[in-house]
Amino acid sequence: MLADLRRKHLEFKGFPTLWLGIDIGGSKVAVALADADGRIRARRRRPVDPAGDPSDELARIAADARALLAELGAESSALAGAGVSAPGPLDAERGLLLGPPNLPRWQGTPVAPWLRDALGVPVRLENDANAGALAEWRFGAGRGRRSLAFLTMSTGVGAGLVVDGALLRGRAGNAGEIGHVPVVWDGEPCACGLRGCLEAYIGGAAWTNRLRRAAPASSRVVELAGGRERITPEHVLAAAGAGDVFACDELARYNGYLARALVGLVFTFAPELIVLGTIPSAAGEALCFEPLREQVRARVWPVLASGLEIVPSALGPELADHAGIAVAMQGGASERSSSN
Ligand SMILES: [Zn+2]
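Values in this document were obtained by computation on a predicted structure and should not be read as measured data.

Participant: How do you make sense of the nonpolar core when you look at a structure like this?
Facilitator: Nonpolar side chains in soluble globular proteins tend to be buried together. Counting residues in hydrophobic clusters, the biggest one holds 51 residues, and the most contacted among them are Leu151, Ile202, Leu258, Leu262, Ile274, Leu276 and Val296. Broken down by element, this core gets its largest block of residues, 13 residues, from helix α9 (residues 245–269).

Participant: Mind showing me how you'd approach the sheet that holds strand β11 (residues 273–276) here?
Facilitator: Whether parallel or antiparallel, the strands of a sheet pair through hydrogen bonds between backbone atoms. Pairing is mixed across the open sheet formed by five strands, whose spatial order is β10-β9-β8-β11-β12. Each having just a single partner strand, β10 (166–167) and β12 (309–312) make up the two edges of the open sheet. With two bridges connecting them, strand β9 (residues 157–163) and β10 associate as antiparallel partners. For Val162, the partnering residue across the bridge sits in β10 and is Leu167.

Participant: I keep staring at the coordination of the zinc ion and nothing clicks. Help me out?
Facilitator: Octahedral metal centres with six donors ideally show angles of 90 or 180 degrees, and tetrahedral centres with four donors ideally show 109.5 degrees. Around the zinc ion, the donor atoms from the protein are His180 (ND1), Cys190 (SG), Cys192 (SG) and Cys197 (SG), and they sit 2.0 to 2.4 Å away. Taken together, the four donor atoms surrounding the zinc ion define angles of 104 to 118° at the centre, an arrangement classified as tetrahedral. Read in sequence order, the donor residues coordinating the zinc ion give the pattern H-x9-C-x1-C-x4-C. Taken together, the positions of His180 in the loop between β10 and α5 (199–202) and Cys192 in the loop between β10 and α5 put the pair 12 residues apart, joining distant regions of the chain. You can call Cys192 partly exposed: its relative accessible area is 37%.

Participant: Please explain the environment of Asp186 as it appears in this structure.
Facilitator: Mapped onto the elements of the fold, Asp186 is located in the loop between β10 and α5. Exposure remark for Asp186: the relative accessible area of 61% places this residue in the exposed category. Between the C-alpha atom of Asp186 and that of Gly196, which follows or precedes it by 10 residues, the distance is 5.4 Å.

Participant: Whenever I open this one, the pairing of strand β1 (residues 18–24) confuses me. Can you help?
Facilitator: Each regular strand carries side chains that alternate between the two faces of the sheet. Burial analysis of β1 places seven of its seven residues in the buried class, which makes it a mostly covered element. Residues Leu18, Leu20, Ile22 and Ile24 point to one face of β1 and Trp19, Gly21 and Asp23 to the other, with burial holding for every one of them. Bridging between β1 and strand β4 (residues 79–86) involves six bridges; their strand directions are parallel. Its bridge partner lying in β4, Trp19 is registered against Gly81. Note: β1 against strand β2 (residues 28–34), six bridges, orientation antiparallel. Its bridge partner being in β2, Asp23 is matched across the sheet by Ala30.

Participant: What am I meant to see in helix α4 (residues 128–139) here?
Facilitator: Taking 1.5 Å per residue, 12 residues should reach 16 Å; α4 reaches 16 Å between its end C-alpha atoms and fits that length. Across the 12 residues of α4, 10 count as buried, placing the element largely inside the fold. Among the residues of α4, Ala129, Asn130, Ala131, Gly132, Ala133, Leu134, Ala135, Glu136, Trp137 and Phe139 are the ones counted as buried. Two or three places before Ala129, at the start of α4, stands the capping residue Asn127, its side-chain oxygen 3.0 Å from that residue's backbone nitrogen.

What counts, and at which threshold
- Residues numbered from 1 in each chain as written.
- Predicted model: local features only at pLDDT ≥ 70, side-chain atom pairs only at ≥ 80, totals over all residues.
- Heavy atoms only, no water.
- Core = buried A, V, L, I, M, F, W, Y, C linked by side-chain atoms within 4.5 Å.
- Buried < 20%, exposed > 50% of the residue type's maximum accessible area, 1.4 Å probe, protein only.
- Helix = DSSP H or I, 4+ residues; strand = E, 2+ residues; numbered from the N terminus.
- Pairing = 2+ DSSP bridges.
- Donors = N, O, S within 2.8 Å, 3.2 Å for Na, K, Ca; no water.
- Tetrahedral: all angles 85-135°; square planar, octahedral: opposite > 155°, others 65-115°.
- Expected span 1.5 Å × (residues − 1).
- Polar contact = N/O pair within 3.5 Å; in protein donor to acceptor, adjacent residues only side chain to side chain.

Okay, here's the thing in structure tokens:
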């Protein structure tokens, strides 16, 4: 009650109390405004044209932000800062995208400086895995934890790592790119140009290509999809749930490669929690999490396995709204601590 009164007072006095979050994906943009507690107050999502001009897209994002402020009846001075979640590779320190495979025209685009000029507030940029880790840590499955990994597992594969209560950023914010650790030396070609990367085996795009090549005509997967060329990972999950042999084998292969990556992470930084996004979340306990926990526990030392939890994303489809907000709020927190 007192907190509510204080917030209303601050809003009335025109103090900046709103955070802007922007999630730029390969096919969609999500823009959201949150209050000082991180509650989403207004949002919009729309498709993005991967072949479109990045300057036009950034101008549309700035216009979205102004429209959301207007929707809440707030002045632009109410904005405390903005955060952007975007596909890597990128340079978080300079706020640039560096040729994300799904947005080739964005190579070198100074996203954070451009938005800073347009909106007149500090703007932070993080890759989508780091932003997702911050969002799950602040608002989702990882609240109150000291060390966790969050894995994005849709088109590509990446990890955001919170270690001893801080995001592990590495050089230019590029730590955690476990999707490109080789799981088969000189194996399948990867979208990044290397070979044998984890992403070339369990990334949604690579897995979809393989399923379309490998599914036998008699498989339930082909039947559910209505043709081999229409297969997606969702059809494999549905067919595996119904006991289809090909789908179960594919999922076992998927879990096996994922388990190798998780074992590497557990030995590297001894997390308390591993949060898995899209495909494992959709697969659920019986098809993914139970076999995965069993394999990981069997392959790491008991001291590391004890108390380790492997769970689905708590934010699910809401992650896109919270990712940029968490980046913005993290920026605000680090600015306050560095100025103290
Ligand atoms: Zn790769």
